Amino acid sequence: MTSVETASAGSVAVPSAESVPCHRHERVMAPGALDFSASGHLYATHGLHAFAARLPPPLARWAVESFTDPGDYVLDLMCGSGTTLVEGLLTGRHAWGVDIDPLARLISLTKATPVKPSTVLALAEKIQRRLEQTPHEDGWRPSLPRLEYWFREDASRDLARVKSAIRATTPDQSSLRLLAWTVFSSLIVARTSVANARDLVHSRHHYREWPENPDVPGRFLRQLRRAARMMQELEDRLPEGAPTTVRLAEGDARDLSVKDGAVDLTFFSPPYVSALDYPRAHMFAVAWLSDVLDIDVDRYREDARRYIGTDRAALAEATREQPLPPATGWKTVDEVVDQLVQDPEKAWTVHRYFRDMAAVLAESARVTRPGGHVVMVVCPSNIRRVRVDTHDVFAALAPVVSDGRLEIEDTYSRTIHDHRRVMPYLEQSFGERMRTEYVVVARRGADRPGAVPANQSSSALLGLHRPRRVEASSSM
């Protein structure tokens, strides 16, 4: 059976970064090959926790199997809910992930860390007995503004009781405790949340008062037993062979702790410009797990200003002398920003998004070995009815910001079916809804003579301020 380790990727011995011949297993794609059906994808642990705009597991598997071999190293530098980590594990690759969001890091690591199903079922029995028979501390409450508005008092009391029971029945720093915390979070970030909210999976949730006690203990125990079944399926699907590693690296996508040339494939699906506000969707769960994730609500909100694609603090860089963004020198970016000058907030948001993504592309080139690949799943956007062909912008930026290290090989399209949409959309206000996303494939070429060193590309070459480093793991 495959064994799994979890640790910081920065301390791991990595494969050689010497230039090697490119290899890929499939290049010609039949039309619709990447569309996939709308069902049957929540196998193994993929359905453990709800997550907005989740990457389809078959798409992650296609990338992993097309551009790597078993035993190779795969990095998802915006790993979100951990889809790529799970697929890397299931296909016998070393899977590393990075994400700026603390809840995403918890979910990703949990989903890709096998736990014996019998141990999970035994934990459910222990917690049930404890909740039924033993007095519990239920006075703890998160520091969440308007807590009484968003949570019934009996729901808050029961959430505190379940938290206390988890701590009493699981070992510190254990994968079992991480799983329990993830299940706990899944009660809150859910379409039918135990909070007084209609949908906490997505950022545009609305108040919906529970008419009765939402039965937090019952929901938790059912979800924990469901998690045991998922862990059984994960175990059944694990390949035989050499041990693989699942790790979270430190930093965020603009400032990775991963060594130069460490991975064979860098694969990621970046957020849209100004589309989803993940911190808003995750806020309630982060508040209830603030002591677990080692972050309070105020700091989480402050960190949210640094998320790629956010429109929070859009005018933070604007001044009286510089009310609009300066030219970047990247034609495809400046052309989009110039169309938004009547809306300075959106102009600055788009400007910052592509600056951030330029740093991400440079970092991708740095950590991917020569001969390896960088694969991006990208969807265009409409910003104030201005179409932004994000995939074309990335394809133009990648060779420039990587100092020629990234060479675009292919761009594939895939259809996003309307019946799989979960977010409301007003075409009259925002422009035509995007129904096609693109998979941009870049090969990591050899360093050119006189090229800027790879470890300087994302800072010195771009002249960007590097964000404050975010720790990879918390005191969970």
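Scoring rules and cut-offs
Residues numbered from 1 in each chain as written. Predicted model: local features only at pLDDT ≥ 70, side-chain atom pairs only at ≥ 80, totals over all residues. Heavy atoms only, no water. Helix = DSSP H or I, 4+ residues; strand = E, 2+ residues; numbered from the N terminus. Contact = heavy atoms within 4.5 Å. Areas by Shrake-Rupley, 256 points an atom, 1.4 Å probe, with all protein chains shown as cover. Salt bridge = Lys/Arg side-chain N within 4 Å of Asp/Glu carboxyl O. Buried < 20%, exposed > 50% of the residue type's maximum accessible area, 1.4 Å probe, protein only. Core = buried A, V, L, I, M, F, W, Y, C linked by side-chain atoms within 4.5 Å. pLDDT = per-residue confidence, 0-100. Phe/Tyr/Trp six-rings, centres within 6.5 Å; stacked < 30°, edge-to-face > 60°. Lys NZ or Arg CZ within 6 Å of the ring centre and 35° of its normal. Pairing = 2+ DSSP bridges. Axes fitted to C-alpha atoms, helices over the stretch in contact; angles between N-to-C directions. Polar contact = N/O pair within 3.5 Å; in protein donor to acceptor, adjacent residues only side chain to side chain. Parallel < 35°, antiparallel > 145°, perpendicular 65-115°, else oblique. Nonpolar A, V, L, I, M, F, W, Y, C, P; charged D, E, K, R; others polar.

With respect to the overall build of the chain
Looking only at helices and strands, the chain features 16 helices and eleven strands. Considering only intrachain contacts with a sequence separation of at least 6, the fraction spanning at least 24 residues in the chain is 79%. Accessible surface, the chain: about 19300 Å² in total, of which carbon and sulfur atoms supply 48%.

Notes on the pattern of salt bridges
It is possible for side chains of opposite charge to pair when their charged atoms get near one another. Applying the stated rule across the entire model yields 27 salt bridges. A salt bridge links K346 to D311; the shortest N-O distance between them is 3.9 Å. Here K346 is found in helix α13 (residues 344-367), whereas its partner D311 is found in the loop between α11 (297-304) and α12 (331-338), with 35 residues between them in sequence. Taking relative accessible area as the criterion, D311 reaches 36% and is therefore assigned partly exposed. The partner of R355 in a salt bridge is E317, with the nearest N and O atoms 3.0 Å apart.

Quick word on the nonpolar core
In terms of nonpolar packing, the biggest core is built from 73 residues, with I127, F151, F184, I188, F220 and F284 touching the most fellow members. Sequence-distant contacts of F284, that is, excluding residues within four places in its chain, are made with L144, W150, F151, I188, A195 and L200. Core analysis: the second largest hydrophobic core is formed by 44 residues, L340, F354, V360 and A398 among them.

Thoughts on the confidence of the model for the chain
With 85% of its residues at a pLDDT of 70 or more, the chain shows a mean pLDDT of 87. Long-range and interchain partners of residues 419-431, a stretch whose pLDDT sits below 50, account for 35 contacts in this model, where long-range means more than four residues apart. Below pLDDT 50 for its whole length, residues 460-476 participates in 53 contacts with residues either more than four positions away or in separate chains.

Remarks on the packing of aromatic side chains
A complete count under the given rule lists 15 aromatic pairs for this structure. Plain terms: the ring middles of W140 and W288 are 5.8 Å apart, the flat faces sit at 55 degrees to each other, and that makes the pair tilted. Here W140 is found in the loop between α4 (117-133) and α5 (147-150), whereas its partner W288 is found in helix α9 (residues 278-288), with 148 residues between them in sequence. Taken together, the ring pairs in this structure connect W140, Y149, W150, F151, Y207, F284 and W288 into an aromatic cluster. Sitting above the plane of the W140 ring, K163 keeps its charged end 3.8 Å from the centroid. Positioned above the aromatic ring of W210, the side-chain terminus of R208 is 4.6 Å from the ring centre.

Focus on the sheet that holds strand β7 (residues 368-378)
Read across the sheet, seven strands follow the order β3-β2-β1-β6-β7-β11-β10 without closing on themselves; strand pairing throughout is mixed. In this open sheet, the two strands that pair with only one neighbour each are β3 (246-248) and β10 (406-415). Pairwise comparison of adjacent strand axes, ignoring direction, gives a mean angle of 20 degrees for this sheet. Inspection of the sheet shows strand β1 (residues 73-76) paired to strand β6 (residues 263-268) by two bridges, in the parallel sense.

Overview of the side chain of S186
Within the secondary structure layout, S186 lies in helix α7 (residues 175-188). Taking relative accessible area as the criterion, S186 reaches 8% and is therefore assigned buried. A polar contact is formed between the side chain of S186 and the backbone oxygen of V183, at a distance of 2.6 Å. Apart from residues lying up to four places away in sequence, S186 is in contact with L48, H49 and Q223.

Quick notes on the packing of α4 against helix α8 (residues 216-237)
Running from amino to carboxyl end, α4 crosses α8 at an angle of 170 degrees, the nearest separation of the two axes being 8 Å. By the angle between their directions, the pair α4 and α8 is classed as roughly antiparallel. Counted together, P117, V120, L121, L123, A124, E125, I127, Q128 and L131 of α4 and P217, F220, L221, L224, R225, A228, M231, Q232 and E235 of α8 form the full contact between these two elements. Its residues assigned to classes, the contact of α4 with α8 comprises 13 nonpolar, two polar and three charged.

Here's the deal with the environment of Q342
Secondary-structure assignment places Q342 in the loop between α12 and α13. Separated by 18 residues in the primary sequence, Q342 and L324 have C-alpha atoms spaced 9.5 Å apart.

Details of the side chain of S66
Structurally, the position occupied by S66 is in helix α1 (residues 57-67). Taking the relative accessible area as the measure of exposure, S66 reaches 5% and is therefore buried. Within the structure, S66 has its side chain in polar contact with the backbone oxygen of W62 (distance 2.7 Å). Residues in contact with S66, not counting those within four places in the same chain, are R24, H25 and E26.

Examining the pairing of strand β11 (residues 436-444)
The buried fraction of β11 is high, at eight of nine residues. Judged from the six bridges that link them, β7 and β11 form a sheet pairing that is antiparallel. When the bridges of β11 are listed, V378 appears paired with Y438. With nine bridges joining them, β10 and β11 adopt antiparallel strand pairing. Note that in β11 the partner of T411 across the bridge is V440.

Digging into helix α3 (residues 102-111)
Along an α-helix, a turn takes 3.6 residues, which lines up residues three or four apart on a common side. Within α3, ten of the ten residues are buried, leaving the element largely enclosed by the surrounding structure. Within α3, the full set of buried residues consists of P102, L103, A104, R105, L106, I107, S108, L109, T110 and K111. For α3, the N-terminal capping position is held by D101, with its side-chain oxygen 3.1 Å away from the main-chain nitrogen of L103.

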